[in-house]
Structures are given as C-alpha cells and as structure tokens.
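# Per-entry structural report
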Amino acid sequence: NAGVTQTPKFQVLKTGQSMTLQCAQDMNHNSMYWYRQDPGMGLRLIYYSASEGTTDKGEVPNGYNVSRLNKREFSLRLESAAPSQTSVYFCASIETSGRTYNEQFFGPGTRLTVL
Amino acid sequence: KQEVTQIPAALSVPEGENLVLNCSFTDSAIYNLQWFRQDPGKGLTSLLLIQSSQREQTSGRLNASLDKSSGRSTLYIAASQPGDSATYLCAVQNYGGSQGNLIFGKGTKLSVKP
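A brief look at the structure comes next. (Residues numbered from 1 in each chain as written. Chains lettered and ligands numbered in written order. Predicted model: local features only at pLDDT ≥ 70, side-chain atom pairs only at ≥ 80, totals over all residues. Heavy atoms only, no water.)

Now for unusual backbone geometry. Peptide bonds are mostly trans, and most non-glycine residues show a negative phi. Following Thr 7 of chain A, the chain continues to Pro 8 of chain A via a peptide bond in cis, the omega torsion being -5°. Looking at the element boundaries, Pro 8 of chain A is found in the loop between strand 1 (4–7) and strand 2 (10–13). Here the bond from Ile 7 of chain B into Pro 8 of chain B is cis, since omega is 0°, no more than 30 degrees from zero. Assignment of secondary structure puts Pro 8 of chain B in the loop between strand 1 (4–7) and strand 2 (10–14). Here Asn 28 of chain A, not a glycine, exhibits a phi torsion of approximately 60°, which is positive. (Helix = DSSP H or I, 4+ residues; strand = E, 2+ residues; numbered from the N terminus.)

This is how it looks when you write it as structure tokens:
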C-alpha cells in the first residue's frame, strides 16, 4: 500500500515549456486534489476532482489544467510554464461519503523550478 | 472567506518541555480540523483529525482539542523530543466551497533543542 505517489520528485523547466505532473493513489479514494505550497503563502488549492470524470477549479487555477484519468490517477498540466509557477506541488486524496469527510492523505510533493 | 491563523510562527523549546501550538479559524462552519507535520523538503504527514462533533483526539504524546464555537484548536505535545522538530500545520474543511478541500494555516516551525 503506497498511499499517494507523485512523479517526478524534482523538475526544472524553462519559461514556456510544458509538463505534466502525475499523481496516483491506491486507497480507492473518490476525491483528489492538487495544491501548491509557496513560502509565506501556505498551501493553496489549484484544482480538485470530487469523483472520477469530474474536475473543478480551486483558489489558484490559472495556468493549469487537470485530468482525472481514472479513479486512481489525477494529473496536473502546465501548458506554458512561467517563473510564478515555481513552487512545491502536492497531490492529496480523501474518501468522502455524503457529508462525512475523512483524513486527507498527501503525496511527497514535486519541486518545480521555472527559469 | 475562511482564514486559518497559527501562532506562534516559530517556537524553540528545550527537550522534555510540554508545549502548545495554537490554531484559530474565522468561520465555525467546518466539517473537521486536521493537524499535520511537515519535515523540511518533505510532504505532509497527518497527525490527528478532529470531526466537528468531537472535542479532542489523542495519539501517543499528542493531544488536539477543538472549540468550534470560538474558532480555536490547540495541539499539545507532551515531553517534547528533538525528533519532534518540524513545521506543524493546521487545516480545516469547510461546509460548501470546493468539496472536501482543506484550508491551511501557514504553520508553526518547532525546534526542540537537546
């Protein structure tokens, strides 16, 4: 049981390049999330997927797209990277049932630098 | 808009001391509150989850309390050890908004000196 896994762990991009961050969970959770963590700003929600086949914007979605490929996988794509997207990106998942929200589990993070 | 504040931003204590970390939130309409630990360069490890109907949760030397009406939570660490050194994050899940997402405080960086 690996929990939430993310690839890659580190990435350096040049301005304008594109890339996809991968996330997978093996806990059969229905909801998945992408956050970014910046010094002095804390963690902020980029996009989330409440269930397979659905995605919605969070607090800071500009410059990103997401795909919920299946119940296990939720990817985050930067189409044209900008220096402002230099950050640490975390994927998380949770089992939700009606109005019950349980413990949220996080991946190890992807450290992205855009030059 | 929900805002989560953690005080102090940093704390340094000698080994063996009992300590309290504070978290406050502005909107009491929450499903639950979760405390995390983050080591430098690492991900978030969940420590305790308190549902809105609960008053406290305990795990080993950790005890977290929740007073939803006053918008406050505390994380009590007993007999602190150097291995407890990390950043501790508090987060709440709101009613409404992005389903199930967490709203985080900026954390308290704890240093326990041998």
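Still to come is the rest of the account.
What follows is about the packing of aromatic side chains. Inspection of every chain in the model, using the stated rule, returns 8 aromatic pairs over all chains. Geometrically, the ring pair formed by Tyr 33 of chain A and Tyr 48 of chain A is stacked, given 6.3 Å between the ring centres and 20° between the ring planes. Linking Tyr 33 of chain A in strand 4 (residues 31–38) with Tyr 48 of chain A in strand 5 (residues 42–49), this pair joins segments that are 15 residues apart in sequence. This pair shows no difference in class: Tyr 33 of chain A is buried, exactly as Tyr 48 of chain A is. With a centroid separation of 5.5 Å and an interplanar angle of 35°, the aromatic rings of Tyr 35 of chain A and Phe 106 of chain A are classed as tilted. Here Phe 106 of chain A lies in strand 12 (residues 105–106) and Tyr 35 of chain A lies in strand 4, a separation of 71 residues in the sequence. The residues Tyr 35 of chain A and Phe 106 of chain A share a single accessibility class, namely buried. The rings of Tyr 33, Tyr 35, Tyr 48 and Phe 106 of chain A together with Phe 36 and Phe 104 of chain B are connected pair by pair, giving a single aromatic cluster. (Phe/Tyr/Trp six-rings, centres within 6.5 Å; stacked < 30°, edge-to-face > 60°. Buried < 20%, exposed > 50% of the residue type's maximum accessible area, 1.4 Å probe, protein only.)

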